[in-house]
Amino acid sequence: KELIAKTITRYYSKSNKINVLPISADLTILGDEKRIITVLKNLIDNSIKYSSNNNFPIEINVIDKKDQSIIQVEDFGSGIPKEKVPFFFEPFYRADNARVKHSGGYGIGLYLCKRIMDLHEASLTIINKTNKSGLIAQMIFYK
């Protein structure tokens, strides 16, 4: 809860809307705080950058299960083609090369985030939403 609060404070403005769903106060995730914040910032940055619908806030949800804790960042952008999802964590991969000039970046952010999660013996996944547009990025920590 503290980690998410610390991370999202820099994003609050009239144009960046972030909705954090209620989080259990006693939930603990073990790991390097700075590195986990780096991953969370990257996921939020991407959600803001590629969200085409500013009427809906980005949502952050933490799900605490028996065997894992999941931090989800959900956006309401256009999503990505299903066949491109497996390549998202490849270094220098861009789902749309036309975005390079528009959004900047080199396609290395998600690759580095994946490496950080691997070092925590955790997972990072990107899911296209099926019933509405956008993506859900999940940081999955195993207990």
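In this text the structure is predicted, and so the values were computed from the model without any measurement.

**Student:** Describe in detail the overall build of the protein, supporting the description with residues and values.
**Tutor:** Each helix and strand counted, the protein has four helices and five strands in total. Its helices and strands taken in sequence order, the protein reads α-β-α-β-β-α-α-β-β from the N to the C terminus. When each of the 143 residues of the protein is scored for burial, the buried share is 40%. By sequence separation, contacts in the protein at least 24 residues apart represent 62% of the contacts at least 6 residues apart.

**Student:** I'd like a rundown of the nonpolar core, residues and numbers included.
**Tutor:** Grouped together as the largest cluster of nonpolar side chains are 32 residues, with contacts concentrated most on Ile4, Leu40, Leu43, Ile44, Ile60, Ile71 and Met139. When residues in this core are grouped by element, the largest group, six residues, is from helix H2 (residues 33-50). Those residues in contact with Leu40 that lie beyond four places of it in its chain are Leu3, Ile4, Thr7, Ile71, Val73 and Met139.

**Student:** Describe the sheet that holds strand E1 (residues 18-20), listing the residues and the values that go with them.
**Tutor:** Taken in spatial order, the five strands of this open sheet run E1-E2-E3-E5-E4, and their pairing is mixed. Each end of this open sheet is capped by a strand with a single partner; those strands are E1 and strand E4 (123-128). This sheet shows a mean twist of 20° between the axes of neighbouring strands, independent of strand direction. Sheet topology note: the strand E2 (residues 58-64)/strand E3 (residues 68-74) ladder contains six bridges and is antiparallel.

What counts and what doesn't
- Residues numbered from 1 in each chain as written.
- Predicted model: local features only at pLDDT ≥ 70, side-chain atom pairs only at ≥ 80, totals over all residues.
- Heavy atoms only, no water.
- Helix = DSSP H or I, 4+ residues; strand = E, 2+ residues; numbered from the N terminus.
- Buried < 20%, exposed > 50% of the residue type's maximum accessible area, 1.4 Å probe, protein only.
- Contact = heavy atoms within 4.5 Å.
- Core = buried A, V, L, I, M, F, W, Y, C linked by side-chain atoms within 4.5 Å.
- Pairing = 2+ DSSP bridges.
- Axes fitted to C-alpha atoms, helices over the stretch in contact; angles between N-to-C directions.

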